[in-house]
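# Understanding the architecture of this molecule
So the chains spell out like this:
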Amino acid sequence: MPKRYGIKEKDLVVAHILDLLLTGRLRTGDRVDRNDVAASLGLSRMPIQEALGQLEHDGILATTYHRGAFVQRFDADTLREHHEVHGLLTGATSARAAADRRPEILATLDGMLEQLRAATDPPAYITTSERYRGLIVETYAGPRLRAAIHSSRSLMPRTFWLHNPDFRTLLLPFAETENKAIHDGAPDRARRVCMDRADLMADIVISDLQRCGVFTEFRSS
């Protein structure tokens, strides 16, 4: 596999395993074959082990001594829970922004909101949306909260939204409502809109994965 500069090998492994999950090639109770992952990505076992550790920390895999890493329960409820946690955590940072309005931050957020309104394709919208969220998180979240938010994104598939033509239409109203709540100094409203956005995103992704037959009943390993 050609080297992808600027991307950690561990992150390549994480993305690969999550793709296997979200396409139904790995399911609840399945064992993650380190050799298959290494052969698929052309990587050594070290970044694979690091990735498995991260995915265990994120609640996606469970490791058993001498047996390896296995997929934890992965179904609609699990996917919704990841979205709910993300909504709660990002809602906490948005509420902080509303409670501590800084003119320079508000001006930057306003500029990015205008870019969101002008975005005509999902990649442009997603990139700007991530910058908008990143500014709030970096400004108002401490190291522990930032780490938790990063972890909560694991089962929020970016690639799914890259190919969803309705992405901007669905999510722009939430961005506008959140931005107004921050300007108005309304922490509860800012928190709520983040949770509502995460709920909608969960509904859409779950519906698509159910249609594709990704979710199955648990089978013991």
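Our structure's up above, just so we're on the same page.
What this report covers is the structure whose coordinates are included nearby. (Residues numbered from 1 in each chain as written. Predicted model: local features only at pLDDT ≥ 70, side-chain atom pairs only at ≥ 80, totals over all residues. Heavy atoms only, no water.)

Here the focus is the packing of aromatic side chains. Tallied over the entire structure, the rule returns 4 aromatic pairs. For the pair Tyr125 and Phe167, a centre-to-centre distance of 5.3 Å together with 80 degrees between the ring planes defines the contact as edge-to-face. Taken together, the positions of Tyr125 in helix H6 (residues 122–140) and Phe167 in helix H9 (residues 167–184) put the pair 42 residues apart, joining distant regions of the chain. Overall, Tyr125 belongs to the buried group, its relative accessible area being 2%. (Phe/Tyr/Trp six-rings, centres within 6.5 Å; stacked < 30°, edge-to-face > 60°. Helix = DSSP H or I, 4+ residues; strand = E, 2+ residues; numbered from the N terminus. Buried < 20%, exposed > 50% of the residue type's maximum accessible area, 1.4 Å probe, protein only.)

Summed over the entire model, instances satisfying the criterion amount to 15 salt bridges. With a shortest N-O distance of 2.3 Å, Arg117 and Glu114 are connected by a salt bridge. Of this pair, Arg117 and Glu114 both sit in helix H5 (residues 103–118), separated by 3 residues, roughly a single helical turn. A relative accessible area of 33% means that Arg117 is categorised as partly exposed. Among the salt bridges present, the one from Glu178 reaches Arg133, with a minimum N-O distance of 2.7 Å. With Glu178 in helix H9 and Arg133 in helix H6, this pair connects stretches of sequence that are 45 residues apart. Given the relative accessible area of 11%, Arg133 is considered buried. By sharing partners, the salt bridges in this structure join Glu114, Arg117 and Glu176 into a single network. (Salt bridge = Lys/Arg side-chain N within 4 Å of Asp/Glu carboxyl O.)

In this section: helix H4 (residues 76–99). Relative to the 34 Å expected for 24 residues at 1.5 Å per residue, H4 spans 34 Å between its end C-alpha atoms, a close match to the ideal helical length. With a side-chain oxygen positioned 3.2 Å from the backbone nitrogen of Asp77, the residue opening H4 is Asp75. (Expected span 1.5 Å × (residues − 1). Polar contact = N/O pair within 3.5 Å; in protein donor to acceptor, adjacent residues only side chain to side chain.)

In this fold, Ser151 is placed in helix H7 (residues 143–152). A distance of 2.5 Å separates the side chain of Ser151 from the side chain of Asp58, its partner in a polar contact. Setting aside residues no more than four positions away along its own chain, Ser151 makes contact with His57 and Asp58. (Contact = heavy atoms within 4.5 Å.)

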